[in-house]
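Understanding the architecture of this molecule
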Amino acid sequence: MHWRRKWQPTPVFLPGESQGREAWWADVSVVSQSRTRLKRLSSSSSSNPSVFTGSVHTPVVPEQNCYNKHLAVLNNSSWFTVKPFANEEEYKNTEAIVQKFQNGIGEKLQQKLLQRAKGRRNWLEEWWLNVAYLDVRIPSQLNVNFGGPASHIEHYWPPKEGTQLERGSISLWHNLNYWQLLRKEKLAVEKVGNTPLDMNQFRMLFSTCKIPGITRDSIINYFRTESEGHSPSHLAVLCRGRVFVFDVMHEGYLMTAPEIQRQLTYIQKKCHSEPNGPGVAALTTEERTRWAKAREYLISLNPENLTILEKIQSSLLVFCLDDDSPHVTPEDYSQVCAKILNGDPTVRWGDKSYNLIAFSNGVFGSNCDHAPFDAMVLVKVCYYVDENILENEGRWKGSEKVRDIPVPEELVFTVDEKVLNDINQAKAQYFKQVSDLQLVVYAFTSFGKKLTKEKQLHPDTFIQLALQLAYYRLHGRPGCCYETAMTRLFYHGRTETVRPCTVEAVNWCQSMQNPSTSLLERKHMMLEAFAKHNKMMKDCSTGKGFDRHLLGLSLIAKEEGLPVPELFTDPLFSRSGGGGNFVLSTSLVGYLRVQGVMVPMVHNGYGFFYHIRDDSCWCVPCSLTLPFSITTIKSAFWMVDSR
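Counting restarts for each chain, with residues numbered from 1 along the sequence as it is written. Only residues with pLDDT of 70 or above have their local features reported here, since the model is predicted, and side-chain atom pairs are shown and tallied only from 80 upward, although totals for entire chains, interfaces and linings are computed over all residues. Note: side-chain values were computed over all heavy atoms of the structure, leaving out hydrogens and water.

1. Focus: the overall build of the protein chain
The condition that has to hold: By the criteria applied, helices consist of DSSP H or I runs no shorter than four residues and strands consist of E runs no shorter than two, each listed in order from the N terminus. Here the term buried applies to any residue with accessible area under 20% of the maximum for its type, exposed to any over 50%, and partly exposed to those in between, with areas from a 1.4 Å probe on protein chains only. By the convention used here, residues are in contact when the closest approach between their heavy atoms is within 4.5 Å. For the area figures, the Shrake-Rupley method with a 1.4 Å probe applies, and any residue is considered shielded solely by the protein chains shown.
The secondary structure content of the protein chain amounts to 21 helices and 21 strands. The buried share among the 643 residues of the protein chain stands at 63%. Pairs at least 24 residues apart make up 77% of the contacts formed inside the protein chain by residues separated by at least 6 positions. As presented, the protein chain carries roughly 23300 Å² of accessible surface, and 50% of it is formed by carbon and sulfur atoms.

This is the structure in structure tokens:
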């Protein structure tokens, strides 16, 4: 079994670049937004040329501040701590290593890092594209991609056979309207207070694809705003191992939902009445170097194969007609979330920035390459589509007229026995990997955001402490944890790491397991843990985190040809999560209906997406090897609230 990449990177690219090499890293990141702000996604102005313009340069944390936080003893306001994972002797050893680094090579590396930052608006971007995602060789479709189910089933679109194409055409039409908002730069710039957030990631949603390389992948972004020039306007549709494309613009106007449905009907009838295709898409699930070699061979067979690949790569998105009918109810999204991660690999193009999946029973979901953007971009488009479906009562209310539009074009790859063997091998390794997948998606309905705020507790911190308690109860030890902090206040900002497993959180967990601890003592320890976490999140979001800084120092050392500093080989560094070794990888998806799912960072860990509604909490624990108990998580919520 291959596992996730070191340091958990996510690339982001410069505007206007068709193939960039600028990136920096993150795990899944989702910004929590108010319903009012999300409903006003489109600006009333005719044009907003500053939508994709960045702002403040990414800062470099002062060196001393970084070390203090690493030790979490020298600075009371620090948050990264190795202490919960060390005995006294180990901790003293780490303290000595940090002091040695600080007084020695660390000072030299810091000066070089500051020098690098002077010439770049974001000093991490270029590094991240290469060392994080694109150099990683493990299969990315399961290990890197993220996704989530559409929440249409909670209102007008419950599961129903025979609705796949009609609903699919409406969903596509709303997605294409979002694409047009981006093209026309009418998407309102998001703000925190009066400060605008960087919007560059939204450029990467449509017409973006990762390309496999022998030693390093690359990413091509074909998207252009109207002011920048031509942008692709065709969709790719995958059905039963075959590939089709059609243009969504006709005579200068966007197709209507009935016109899109006619195109989808043509494709489905053709695929259901003829043999299945070879399923070349399954190759995108392979280990990256094997996929790169298979792609090179495919192109060598016939130059037309390259033309076909480029049409898929440049498509707005890939629409996946999936024959599965996963069970789903408003209270249980488990099966559909699993299918989004481990479904038919012949109808997913794993390297595309956006796969929109339409299941046979009219249920929808998304699967996206994490490299171009963080999950908050997908959250925004999914919520936009869901709100429009809700407002229109799940129906198409426009013209029923269908113009005379050319039928979709089928893209037929030239394949031989070797290509077919490569496809079979890719499918075999993929199904072996996904066979270990475990996840559940249930709602905790006893209370939600409303009650926690009434008790003057931050809802996100509430969940994080509940997770720490649940892990402690299951495993009898602290769990090093990653949580996403958004850094879009800065130019091309992505995320910073919050470390929820603090000394304060562990002290509280221990008190909850100790029957001799009084309720008053537990409450005091819990409030201390809340205060520490809240400050961590605020600091990390405003450029005062340290994980990215430590990474920068290690990369400077590598760039200079120096040995890996002892700071990064110290066992406590990885044991506390350093180098992407977090056993809990968590992200808040927000306070809306949108859900998400992603696998863990490490083989002995958990991936944990969650979103919080007024009267419920939706948790998505996911593992590839470990058992877990949703009952333990739910009881942890009650224990946090027992104050």
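2. Regarding the packing of helix H15 (residues 459-475) against helix H16 (residues 503-513)
Axes are the key here: two packed helices are described by the angle between their axes and the distance separating the axes. Heads up, the condition is: Note on geometry: axes are lines fitted to C-alpha atoms, helical ones only across the stretch in contact, with angles between N-to-C directions running from 0 to 180 degrees. In these notes the angle categories are as follows: under 35 degrees is roughly parallel, over 145 is roughly antiparallel, 65 to 115 is roughly perpendicular, and the rest is oblique. In this scheme the handedness of a crossing depends on how the near helix is turned from the far one: anticlockwise by less than a right angle means left-handed, clockwise means right-handed. Think of it as three bins: nonpolar holds Ala, Val, Leu, Ile, Met, Phe, Trp, Tyr, Cys and Pro, charged holds Asp, Glu, Lys and Arg, and polar takes everything else, Gly as well.
Two elements in contact, H15 and H16, have axes whose closest approach is 10 Å; the angle formed by their N-to-C orientations is 55°. Judged by the inter-axis angle, H15 sits oblique to H16. Here the hand of the crossing between H15 and H16 comes out right-handed. Taking contact as the criterion, the partners of Leu465, Gln468, Leu469, Tyr472 and Arg473 in H15 are, on H16, Ala505, Trp508, Cys509, Gln510, Met512 and Gln513. Tallied by class, the residues present in the contact of H15 with H16 amount to 7 nonpolar, 3 polar and 1 charged.

3. A closer look at unusual backbone geometry
One non-glycine residue with positive phi stands out, namely Glu393, at about 55°. Tracing the backbone shows Glu393 in the loop between helix H12 (375-391) and strand E14 (409-411). Even without a glycine there, the phi angle at His492 is positive, about 55°. Secondary-structure assignment places His492 in the loop between strand E17 (481-486) and strand E18 (495-498).

4. Remarks on the pairing of E18
Consecutive residues of a regular strand have side chains that alternate between opposite faces of the sheet. Note the cut-off: At least two bridges found by DSSP between two strands is the condition for calling them paired.
Going residue by residue along E18, you find Thr495 and Thr497 tucked away on one face and Glu496 and Val498 tucked away on the opposite face as well. In this sheet, E18 lies alongside E17 in antiparallel orientation, the contact comprising 4 bridges. Residue Ala485 lies in a different strand from E18, and its bridge partner there is Glu496.

5. Some points on the packing of aromatic side chains
Ring pairs (aromatic) are described by centroid distance and by the angle formed between their planes. Put simply, the rule reads: Stacked, edge-to-face and tilted are the three classes for Phe, Tyr and Trp ring pairs, Trp counted by its six-membered ring, which pair at centre distances within 6.5 Å; planes under 30 degrees apart are stacked, over 60 edge-to-face, the rest tilted. In this analysis the charged atom, NZ for Lys or CZ for Arg, is taken to sit over a ring once it is within 6 Å of the ring centre and within 35 degrees of the ring normal.
The full count for this structure, using the stated rule, is 16 aromatic pairs. Note on Phe146 and Phe373: the rings are 6.1 Å apart at their centroids and 80° apart in plane angle, and the pair reads as edge-to-face. Of the two residues, Phe146 is situated in strand E2 (residues 146-149) and Phe373 in the loop between strand E13 (364-368) and H12; the sequence distance between them amounts to 227 residues. When sorted by exposure, Phe146 lands in the same class as Phe373, which is buried. Aromatic pair Phe608 and Tyr610: ring centres 6.3 Å apart, planes at 50°, arrangement tilted. Tyr610 carries the same exposure label as Phe608, and that label is buried. An aromatic cluster is present here, built from Phe101, Phe568 and Phe573 joined pairwise through their rings. Against the face of Tyr91 rests Lys83, its NZ or CZ located 5.3 Å from the ring centre. Positioned over the ring face of Tyr297 is Lys418, at 4.7 Å from the centre of the ring.

6. Quick word on helix H13 (residues 417-434)
This is how the line gets drawn: Any helix carries an expected span of 1.5 Å times its number of residues minus one. The arc refers to the directions leading from the helix axis to the C-beta atoms. Throughout this description, a polar contact denotes any pair of N or O atoms lying within 3.5 Å of each other; where both atoms belong to protein, one of them has to be capable of donating a hydrogen while the other can accept it, and for residues adjacent in sequence the pair is counted only when both atoms sit in side chains.
Relative to the 26 Å expected for 18 residues at 1.5 Å per residue, H13 spans 26 Å between its end C-alpha atoms, a close match to the ideal helical length. Taken together, the buried positions of H13 are Val419, Asp422, Ile423, Ala426, Gln429, Tyr430, Gln433 and Val434. Projection of H13 onto a plane perpendicular to its axis shows the buried side chains occupying an angular sector of 135°, all on one side. Across from the buried face of H13, at angles greater than 90 degrees, the exposed residues are Glu417, Ala428 and Lys432. In this fold, the buried residues of H13 make contact with helix H6 (140-143), helix H9 (288-301) and helix H11 (334-342). The backbone nitrogen of Lys418 has a side-chain oxygen 3.1 Å away, supplied by the residue at the start of H13, namely Asp416.

7. As for the sheet that holds strand E8 (residues 242-247)
Across a sheet, strands are paired by hydrogen bonds formed along the backbone, either parallel or antiparallel in direction. Taken in spatial order, the 7 strands line up as E2-E13-E12-E11-E7-E8-E14 in an open sheet, and their pairing is mixed. What marks the edges here is a single partner per strand, and that holds for E2 and E14. The mean inter-strand angle of the sheet, taken between neighbouring strand axes irrespective of direction, is 25°. Bridging between strand E11 (residues 318-322) and strand E12 (residues 355-359) involves 5 bridges; their strand directions are parallel. Residue pairing in the sheet places Val318 in a bridge with Asn355 of E12.

8. Description of the packing of H9 against helix H10 (residues 303-314)
Interaxial distance between H9 and H10 falls to 4 Å at its minimum, and their mutual angle equals 125°. As the angle between them shows, H9 and H10 are arranged oblique. Residue-level inspection shows Arg295, Leu298, Ile299 and Leu301 of H9 in contact with H10, the latter providing Pro303, Asn305, Leu306, Leu309 and Gln313. Residues belonging to the contact of H9 with H10 are distributed by class as follows: 6 nonpolar, 2 polar and 1 charged.

9. Some thoughts on the UniProt feature "active site" (unreviewed entry) in the protein chain
The line we're drawing: UniProt positions are given in the numbering used here, feature names are shortened, and annotations may be inferred rather than shown by experiment.
The UniProt feature table records "active site" (unreviewed entry) at His370. Tracing the sequence through the fold places His370 in the loop between E13 and H12. A relative accessible area of 0% places His370 in the buried class.

10. Quick notes on the pattern of salt bridges
Applicable threshold: Each reported salt bridge corresponds to a side-chain nitrogen of Lys or Arg within 4 Å of a carboxyl oxygen of Asp or Glu.
Scanning all chains against the criterion turns up 36 salt bridges. A salt bridge links Lys184 to Glu226; the shortest N-O distance between them is 3.1 Å. In this pair, Lys184 sits in the loop between helix H7 (164-183) and strand E3 (191-192) while Glu226 sits in the loop between strand E6 (218-221) and strand E7 (234-239), placing the two residues 42 residues apart along the sequence. Taking relative accessible area as the criterion, Lys184 reaches 33% and is therefore assigned partly exposed. Residue Asp614 pairs with Lys449 through a salt bridge whose shortest N-O separation is 3.6 Å. A residue pair is termed long-range when its members are at least 10 positions apart, and Asp614 in the loop between strand E20 (606-612) and strand E21 (617-623) and Lys449 in helix H14 (residues 449-454) qualify at 165 residues. With a relative accessible area of 44%, Asp614 lands in the partly exposed category. Through salt bridges that share partners, Arg137, Asp217, Arg288 and Asp351 make up one connected network.

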